[in-house]
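Fold and contact review
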Amino acid sequence: MAGRVLWDVDTQVDFVHADGKLAVPGAMDAVPAMARLVEAARAAGVPHVASADDHELTDPEISEEPDYSTTYPPHCLRGTRGAERIRETEQADPVPLGLTDVPARWLRGREFLLLKKHFDVFTNPNADRLLGRLDPDEVVLFGVATDVCNDAAIHGLLARGRKVAFVEDACRGLDEARTASCLARWREGGVRFVTSKEVADAL
């Protein structure tokens, strides 16, 4: 059992950089906190699990007339710069986990990359298997967007009986009202709210 696992949600160029295809407002302001978390986890040997959108133009989520609820404009398209992780959260040598079951013998190491085509990382079958293998006491989660993929990940983790710490200064949301609703719901669900400094100091 791991004491803590760092769970990095979609810190990709298209979401974080101001000129990204689906830039999250204020995400660049959270980059120093994101970097602090990744550096601290690397120094402490803490597992770094990262999710990443891995889209193709034919995916159901991609639309030329997006509603910004279930469909969005093209973003994080496979093979493009926008799909890459930002420099501050890059992994050195992750185990890439696509949508097919990966034999258990490959689920080893410190860095894992869960590729996905849906908001919910648990649509990737390897997410459940990896979580069970790591079996953390607490999942420390950060990334973007708070009101979309972070919300789906936290909902999934809580539904699986996991303790979650949400790093407020290392996250940003797309919609202010929707983000506030998510935060309130998470607090009621027992999610612990922390800062990147608190996490880094504790690792």
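All of these numbers come straight from a predicted model, not from anything done at the bench. (Residues numbered from 1 in each chain as written. Predicted model: local features only at pLDDT ≥ 70, side-chain atom pairs only at ≥ 80, totals over all residues. Heavy atoms only, no water.)

**Considerations on the overall build of the chain**
Each helix and strand in the chain was counted, giving six helices and seven strands. When the backbone C-alpha atoms are referred to their principal axes, the chain occupies close to 45 × 40 × 30 Å. Per-residue burial over the chain gives 52% buried out of 203 residues. Total accessible area computed for the chain in this model is approximately 9300 Å², and 52% of it derives from carbon and sulfur atoms. (Helix = DSSP H or I, 4+ residues; strand = E, 2+ residues; numbered from the N terminus. Buried < 20%, exposed > 50% of the residue type's maximum accessible area, 1.4 Å probe, protein only. Areas by Shrake-Rupley, 256 points an atom, 1.4 Å probe, with all protein chains shown as cover.)

**Notes on the side chain of Thr 71**
Relative to the assigned elements, Thr 71 resides in the loop between β2 (48-53) and β3 (95-97). What makes Thr 71 buried here is its relative accessible area of 16%. With sequence-adjacent residues up to four places away left out, Thr 71 is seen in contact with Pro 60, Glu 61, Ser 63, Glu 65 and Pro 66. (Contact = heavy atoms within 4.5 Å.)

**What to know about the pattern of salt bridges**
A complete count under the given rule lists 18 salt bridges for this structure. Across the pair Arg 81 and Glu 84 runs a salt bridge, and its minimum N-O distance is 2.6 Å. Overall, the relative accessible area of 45% leaves Arg 81 in the partly exposed class. Overall, Glu 84 belongs to the partly exposed group, its relative accessible area being 39%. In this structure, Asp 135 engages Arg 162 in a salt bridge whose closest nitrogen and oxygen atoms are separated by 2.8 Å. On the criterion of sequence distance, the pair formed by Asp 135 in the loop between α3 (125-134) and β5 (138-144) and Arg 162 in the loop between α4 (146-159) and β6 (164-172) is long-range, its members being 27 residues apart. On the accessibility criterion, Asp 135 (25% relative accessible area) is partly exposed. (Salt bridge = Lys/Arg side-chain N within 4 Å of Asp/Glu carboxyl O.)

**Concerning the sheet that holds β5**
Working definition: the strands of a sheet are paired by backbone hydrogen bonds and lie parallel or antiparallel to each other. Judged by pairing direction, the sheet is parallel, and its seven strands sit side by side in the order β3-β4-β2-β1-β5-β6-β7 without closing on themselves. The open sheet terminates on both sides in strands that have one partner only, identified here as β3 and β7 (192-194). Averaged over neighbouring strand pairs, the angle between their axes works out to 25° when direction is ignored. As paired strands, strand β1 (residues 4-9) and β5 are joined by six bridges and run parallel to one another. (Pairing = 2+ DSSP bridges. Axes fitted to C-alpha atoms, helices over the stretch in contact; angles between N-to-C directions.)

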